[in-house]
Amino acid sequence: MFDSMFSDKITITKKSDDVFELDQRMVKIRENEKGLMAVSYVAPVFEAMDLEDFFDDVIASEYLSMNIGGAGEFTVMFRGIVDGKGKNFPQNLDYKIILLQEPKWLDERENVQLTGFSKFKIRGKISDDADELL
(Lines give C-alpha, C1' and ligand atoms only; values in the text may rest on other atoms or scores of the structure.)
Protein backbone atom coordinates (compact mmCIF):
# COMPACT_ATOMS: atom_id res chain seq x y z
CA MET A 1 0.00 0.00 0.00
CA PHE A 2 1.01 3.62 -0.34
CA ASP A 3 1.43 6.13 2.47
CA SER A 4 -1.51 8.51 2.54
CA MET A 5 -1.23 12.10 3.62
CA PHE A 6 -4.80 11.90 4.89
CA SER A 7 -5.79 10.50 8.27
CA ASP A 8 -8.55 8.00 8.97
CA LYS A 9 -10.27 10.38 11.42
CA ILE A 10 -13.08 12.89 11.15
CA THR A 11 -12.83 15.63 13.75
CA ILE A 12 -15.61 17.89 14.96
CA THR A 13 -14.54 20.92 17.01
CA LYS A 14 -16.68 23.21 19.17
CA LYS A 15 -16.00 26.91 19.70
CA SER A 16 -14.57 25.99 23.10
CA ASP A 17 -11.91 23.93 21.26
CA ASP A 18 -13.36 20.63 22.51
CA VAL A 19 -12.68 18.01 19.84
CA PHE A 20 -14.45 14.74 19.07
CA GLU A 21 -12.87 12.22 16.68
CA LEU A 22 -14.80 9.71 14.59
CA ASP A 23 -13.16 6.74 12.90
CA GLN A 24 -13.92 6.99 9.16
CA ARG A 25 -14.30 3.23 8.90
CA MET A 26 -17.37 3.52 11.16
CA VAL A 27 -18.90 6.51 9.36
CA LYS A 28 -21.08 7.05 6.31
CA ILE A 29 -21.83 10.62 5.18
CA ARG A 30 -24.74 11.59 2.95
CA GLU A 31 -25.54 15.12 1.81
CA ASN A 32 -28.48 16.65 -0.05
CA GLU A 33 -28.56 19.63 -2.41
CA LYS A 34 -29.32 22.05 0.46
CA GLY A 35 -26.14 21.11 2.33
CA LEU A 36 -27.80 18.96 5.03
CA MET A 37 -25.41 16.17 6.01
CA ALA A 38 -26.35 12.96 7.77
CA VAL A 39 -23.27 11.49 9.42
CA SER A 40 -24.20 7.89 10.26
CA TYR A 41 -21.97 6.51 12.99
CA VAL A 42 -21.83 2.92 14.20
CA ALA A 43 -19.73 2.58 17.33
CA PRO A 44 -19.37 0.70 20.58
CA VAL A 45 -21.93 1.82 23.15
CA PHE A 46 -19.37 3.66 25.29
CA GLU A 47 -18.21 5.73 22.28
CA ALA A 48 -21.82 6.56 21.37
CA MET A 49 -22.31 7.76 24.95
CA ASP A 50 -19.20 9.95 24.60
CA LEU A 51 -20.67 11.35 21.36
CA GLU A 52 -23.93 12.26 23.10
CA ASP A 53 -21.98 13.86 25.96
CA PHE A 54 -19.95 15.91 23.47
CA PHE A 55 -23.10 17.33 21.82
CA ASP A 56 -25.06 17.63 25.08
CA ASP A 57 -24.49 21.38 25.50
CA VAL A 58 -24.51 22.24 21.78
CA ILE A 59 -27.65 24.05 20.65
CA ALA A 60 -29.24 23.70 17.20
CA SER A 61 -27.71 26.06 14.61
CA GLU A 62 -24.47 26.41 16.57
CA TYR A 63 -21.43 26.61 14.34
CA LEU A 64 -18.84 23.84 14.57
CA SER A 65 -15.67 23.04 12.66
CA MET A 66 -15.37 19.76 10.78
CA ASN A 67 -12.27 18.18 9.26
CA ILE A 68 -12.53 15.01 7.19
CA GLY A 69 -9.28 13.07 7.01
CA GLY A 70 -7.06 16.08 7.57
CA ALA A 71 -8.15 17.66 4.28
CA GLY A 72 -8.93 20.99 5.94
CA GLU A 73 -11.51 22.46 8.27
CA PHE A 74 -14.87 23.79 7.16
CA THR A 75 -17.80 25.24 9.06
CA VAL A 76 -21.04 23.34 9.70
CA MET A 77 -24.15 24.05 11.75
CA PHE A 78 -25.32 21.45 14.26
CA ARG A 79 -28.90 20.28 13.68
CA GLY A 80 -29.22 17.36 16.11
CA ILE A 81 -28.56 13.70 16.86
CA VAL A 82 -30.98 10.92 15.96
CA ASP A 83 -30.95 7.26 16.98
CA GLY A 84 -30.48 5.06 13.92
CA LYS A 85 -33.01 2.32 13.22
CA GLY A 86 -33.55 -0.58 10.87
CA LYS A 87 -30.28 -2.37 11.41
CA ASN A 88 -29.71 -5.43 13.54
CA PHE A 89 -26.51 -4.58 15.33
CA PRO A 90 -25.00 -6.57 18.19
CA GLN A 91 -25.87 -5.30 21.66
CA ASN A 92 -22.44 -3.77 22.15
CA LEU A 93 -22.81 -1.46 19.09
CA ASP A 94 -24.95 1.65 18.82
CA TYR A 95 -26.11 3.53 15.70
CA LYS A 96 -26.33 7.35 15.79
CA ILE A 97 -26.97 9.89 13.06
CA ILE A 98 -25.44 13.36 13.48
CA LEU A 99 -27.28 16.01 11.46
CA LEU A 100 -25.11 18.90 10.27
CA GLN A 101 -25.65 21.56 7.65
CA GLU A 102 -23.20 23.57 5.63
CA PRO A 103 -24.14 27.24 5.89
CA LYS A 104 -24.82 28.68 2.47
CA TRP A 105 -25.44 32.29 1.66
CA LEU A 106 -27.39 32.01 -1.55
CA ASP A 107 -28.68 34.79 -3.73
CA GLU A 108 -32.26 35.45 -2.58
CA ARG A 109 -33.47 35.37 -6.18
CA GLU A 110 -32.55 31.67 -6.39
CA ASN A 111 -34.84 30.84 -3.45
CA VAL A 112 -38.08 32.26 -4.87
CA GLN A 113 -41.03 29.88 -4.77
CA LEU A 114 -42.04 29.41 -8.40
CA THR A 115 -45.12 27.28 -7.84
CA GLY A 116 -47.96 27.45 -5.37
CA PHE A 117 -49.63 30.62 -4.15
CA SER A 118 -47.75 33.11 -6.31
CA LYS A 119 -47.30 33.44 -10.05
CA PHE A 120 -44.42 35.88 -9.58
CA LYS A 121 -41.22 34.84 -11.35
CA ILE A 122 -37.99 36.72 -11.38
CA ARG A 123 -36.69 37.60 -14.80
CA GLY A 124 -33.04 37.94 -15.55
CA LYS A 125 -33.39 41.35 -17.21
CA ILE A 126 -35.11 44.57 -16.19
CA SER A 127 -37.61 45.62 -18.83
CA ASP A 128 -36.89 48.53 -21.14
CA ASP A 129 -39.90 50.41 -19.68
CA ALA A 130 -38.25 50.39 -16.25
CA ASP A 131 -35.15 52.09 -17.67
CA GLU A 132 -37.32 55.02 -18.84
CA LEU A 133 -38.73 55.49 -15.33
CA LEU A 134 -35.25 55.89 -13.86
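The residue count restarts for each chain, going from 1 along the sequence in the order it is written. At least 70 in pLDDT is required for a residue's local features to be given in this predicted model, at least 80 for side-chain atom pairs to be given and counted, and no such filter applies to totals for whole chains, interfaces and linings, which use all residues. With hydrogens and water stripped out, all remaining heavy atoms of the structure feed into the side-chain values.

What follows concerns the overall build of the protein. Counting secondary structure elements, the protein contains two helices and seven strands. Start at the N end of the protein and walk to the C end: the helices and strands fall as β-β-β-β-α-β-β-β-α. Partly exposed residues are those whose accessible area sits between 20% and 50% of the maximum for their type, while under 20% is buried and over 50% is exposed, using a 1.4 Å probe and protein chains only. The buried share among the 134 residues of the protein stands at 29%. The criterion used for residue contact is that any of the two residues' heavy atoms lie within 4.5 Å. For the protein, restricting intrachain contacts to residue pairs at least 6 apart in sequence, the fraction spanning at least 24 positions comes to 51%. In these tables, accessible area is a Shrake-Rupley quantity obtained with a 1.4 Å probe, and a residue counts as shielded only by the protein chains included in the view. Roughly 10,200 Å² of accessible area belongs to the protein as shown, and the carbon and sulfur atoms make up 51% of that amount. The helix count covers DSSP runs of H or I at least four residues long, the strand count covers runs of E at least two residues long, and both are numbered beginning at the N terminus.

Further remarks concern the nonpolar core. With 19 residues, the main nonpolar core has Ile12, Leu22, Phe55, Leu64, Met66, Ile98 and Leu100 as its most contacted residues. When contributions to this core are tallied by element, the ones reaching two or more residues are β1 (9-13), β2 (19-23), β4 (36-44), α1 (45-54), β5 (63-68), β6 (73-83) and β7 (93-101). Ranked by residues supplied to this core, first place goes to β4 with four residues. The set of buried Ala, Val, Leu, Ile, Met, Phe, Trp, Tyr and Cys residues whose side-chain atoms join them within 4.5 Å is what this entry labels a nonpolar core.

On to the sheet that holds β7. Any two strands between which DSSP finds at least two bridges are classified as paired. Judged by pairing direction, the sheet is antiparallel, and its seven strands sit side by side in the order β2-β1-β5-β6-β7-β4-β3 without closing on themselves. Each having just a single partner strand, β2 and β3 (27-31) make up the two edges of the open sheet. Averaged over all pairs of adjacent strands, the angle between strand axes in this sheet comes to 35°, irrespective of strand direction. Where β4 meets β7, nine bridges bridge the pair, whose relative direction is antiparallel. Residue pairing across strands places Ser40 opposite Ile97, the latter belonging to β7. Think of each axis as a best-fit line through the C-alpha atoms, taken over the contacting stretch in the case of a helix, with angles from 0 to 180 degrees between the N-to-C directions.

Okay, the pairing of β4 next. In terms of burial, β4 is largely enclosed, as seven of its nine residues are buried. In terms of strand pairing, β3 meets β4 through five bridges, oriented antiparallel. Residue pairing in the sheet places Arg30 in a bridge with Ala38 of β4. Hairpin connection from β3 to β4: four residues lie between these consecutive antiparallel strands, with Gly35 at a positive phi of about 85°.

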